[in-house]
Amino acid sequence: MNKLEIPTPSQNLIKRRRFLGLAAGGVAAFALVPGRNLVRDFDFLSDERNILEGARPLAEHLRPPKSLRGVGVNSLNVYLYDEDIQRHAVSSCQSLGGKHMRIFVDDWEDPLEAHPGAYNKGQIEKIRRFCELVATVDPTISVTLDVFDFYPFVAATPNGVYGAPSGFSTPYLEKNTHHENPQVDFFLNPEKFALYSERARFVVSMLADIPNLVAFGVANEFHLPPEFGSVQKREMTTEWFAKAATAIRAVAPRSVIYTGTRHPLVIDESLLSDTNGIVNTAHPYPMMGFDWDSLTAHLPKMRLPLLIQELGIPTHIYYGKIPVPSDELLVGLMKKTLSHLTYIDEKGTRRIASEHFAPWKAHSGHPQDYFPNPADLPASSLMLRKLSSVITNL
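As the structure is a computational prediction, the values presented were derived from the model and not from experiment. (Residues numbered from 1 in each chain as written. Predicted model: local features only at pLDDT ≥ 70, side-chain atom pairs only at ≥ 80, totals over all residues. Heavy atoms only, no water.)

(A) Spotlight on the overall build of the protein chain. Looking only at helices and strands, the protein chain features 13 helices and ten strands. Residues classed as buried in the protein chain amount to 60% of the 394 residues present. Contacts in the protein chain between residues at least 24 apart in sequence constitute 77% of all its contacts with a sequence separation of at least 6. Per element, the accessible surface of the protein chain, about 15800 Å² overall, is 52% carbon and sulfur. (Helix = DSSP H or I, 4+ residues; strand = E, 2+ residues; numbered from the N terminus. Buried < 20%, exposed > 50% of the residue type's maximum accessible area, 1.4 Å probe, protein only. Contact = heavy atoms within 4.5 Å. Areas by Shrake-Rupley, 256 points an atom, 1.4 Å probe, with all protein chains shown as cover.)

Next comes the structure, spelled out in C-alpha cells:
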C-alpha cells in the first residue's frame, strides 16, 4: 500500500473537501448557468413557517431521538484545530440555533498503516477533548461522529476519479477478489469488511463512553457505482450496512447509529431485522440533481427516522463559481429542501418527515469556511433559529 502523507489541518480540510466536491461535480455542473439568477429560482417561498404550517410530527418511532432533534452544523475535523477555533465553532452553532455538531474521524490519519486497529490514539484523544469542550461551553449541544468516509478510502480510485491523486491507494482499493470494481468489491469482500470492522470498532470503543457523543455514522455517503446493476444494489448495501451497524453496536450498545447515506434509498429499510437505535440520512442538495421524486415517494413508507444531515450549497460550487450572495442563496436552497419534506398521510394529516437539519457549506470569513459565522449569514441564521424553534415546539 502506498503510504498516505499526513497533511497539516488546513491541508487536510482542503484535500478532504476536494474529494467530496469533485465527486458531485459531474451532476451539479449541469445546474449552473452563467448569469442565471439562482436566488430568484430558489427563493420562491416567503417564510419557512408557512412551509411547515400545520405540519405534525411522525409517529414516535419515526421521529429522531430527542438528542438529535433540531438544527445541527457540520464541523468536520474541527477538533484538529486550536481551542480558539473550536470555541468559535461551538459559538457559531449556538448562534445558528444549533443543537448538534457533526464531526468526522480524520480520514487522512490512516489507521491501516501498521495494523487494522492501530488508529492514532492521539487523534482519538483530540476528539474526546473536543466533546468535553462542547459539554463545558454548552451542555445542550450533542456531537455525532462519522467513523469512516467512503470517498477517499473506497470511491477515490487511483485513476483520479473523485479527485484522487495519481497513485493514491488504500487497502479497500486493492485485492479485488469478489468483483473487479473496487467499490462493488468493498461490499462483497469479507477481508475488506474485516478491515472496516476493526477500524470502526477500535474508534468507537474508545469513544462510546462520552456522554454528549450520542451517535456514530457507519460510513459517509457509501454507495455502489451508478453503472452497477440496480436490481442487486439495495440488497447488497443493506446487508453491508446491517453488518457494519452490528459491529458498532457490539461496542456501543446504547448509542444511536446512522447510515450516512446521501439518499435514504441507498438501503432498503424493510430488509433490516433490527431497527432499534438506527436512523437513516439524506444529503439533499437542490443544485446537485438530487432525486426528489423518489424521496417524496419514500416518505410515507419510512420505517426509520430520517436526518437531513447536509443541505445547502455544495462545496465545489462555492469556490468563486456563483456570483450571488451566499447568504441569500443558502436561504433559498434551505427553503426548497424544506418544501419537499412534508407530506399528507392516509388520514389527511400533514406530516414533517424530519426533525433534524444541518447546513453544509456557508461562507464564514474563515479561510476554510467550515465554521460559519452567523454575522456573515443574517438571513440564514434567522431562518435556522426559527426552524429550530418550530421543531422544538412540534
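And the narrative resumes.
(B) The arrangement of the nonpolar core in detail. In this structure, Leu145, Val147, Tyr196 and Trp240 are the most contacted members of the largest nonpolar core, which totals 90 residues. Excluding residues that lie within four positions of it along the chain, Trp240 makes contacts with Phe186, Phe187, Phe193, Tyr196, Val218, Ala219 and Phe222. Counting residues in hydrophobic clusters, the runner-up holds seven residues, among them Leu68, Val214, Val256 and Val279. (Core = buried A, V, L, I, M, F, W, Y, C linked by side-chain atoms within 4.5 Å.)

(C) Layout of the packing of aromatic side chains. Considering all chains together, one arrives at 16 aromatic pairs under this definition. Between the aromatic rings of Phe148 and Tyr172, the centroid separation amounts to 5.2 Å while the plane-to-plane angle is 85°, which identifies the pairing as edge-to-face. In this pair, Phe148 is assigned in the loop between β3 (142–146) and α6 (150–155) and Tyr172 in the loop between α6 and α7 (182–188), connecting sequence segments 24 residues apart. Since its relative accessible area comes to 0%, Tyr172 is described here as buried. Relative to Tyr196, the ring of Phe148 has its centre 5.2 Å away and its plane inclined at 80°; by these criteria the two rings are edge-to-face. Linking Phe148 in the loop between β3 and α6 with Tyr196 in helix α8 (residues 190–205), this pair joins segments that are 48 residues apart in sequence. Both residues of the pair, Phe148 and Tyr196, belong to the buried class. These aromatic residues form a ring-pair network of at least three members: Phe148, Phe150, Tyr172, Phe186, Phe187, Phe193, Tyr196, Phe222, Trp240 and Phe241. Across from the ring centre of Phe193, 4.6 Å away, lies the NZ or CZ of Lys243, which sits over that ring. (Phe/Tyr/Trp six-rings, centres within 6.5 Å; stacked < 30°, edge-to-face > 60°. Lys NZ or Arg CZ within 6 Å of the ring centre and 35° of its normal.)

(D) The arrangement of the packing of helix α12 (residues 326–339) against helix α13 (residues 378–392) in detail. At their nearest, the axes of α12 and α13 sit 7 Å apart, and the two run at 30° to each other. Comparing their axes, α13 and α12 come out roughly parallel. Listed contacts from α13 to Asp327, Leu330, Val331, Met334, Lys335 and Leu338 of α12 are Pro378, Ala379, Ser380, Met383, Leu384 and Leu387. Among the residues making up the contact of α12 with α13, the classes are represented as nine nonpolar, one polar and two charged. (Axes fitted to C-alpha atoms, helices over the stretch in contact; angles between N-to-C directions. Parallel < 35°, antiparallel > 145°, perpendicular 65-115°, else oblique. Nonpolar A, V, L, I, M, F, W, Y, C, P; charged D, E, K, R; others polar.)

(E) Representation of the sheet that holds strand β6 (residues 278–282) in the model. With respect to topology, eight strands assemble into a closed barrel ordered β1-β2-β3-β4-β5-β6-β7-β10, the strand pairing being parallel. Between one strand and the next, the sheet's axes are offset by a mean angle of 30°, whatever the strand orientation. Lying on the sheet, helix α4 (residues 83–95) is in contact with β1 (70–76) and β2 (98–104); it crosses β2 at an angle near 140°. (Pairing = 2+ DSSP bridges.)

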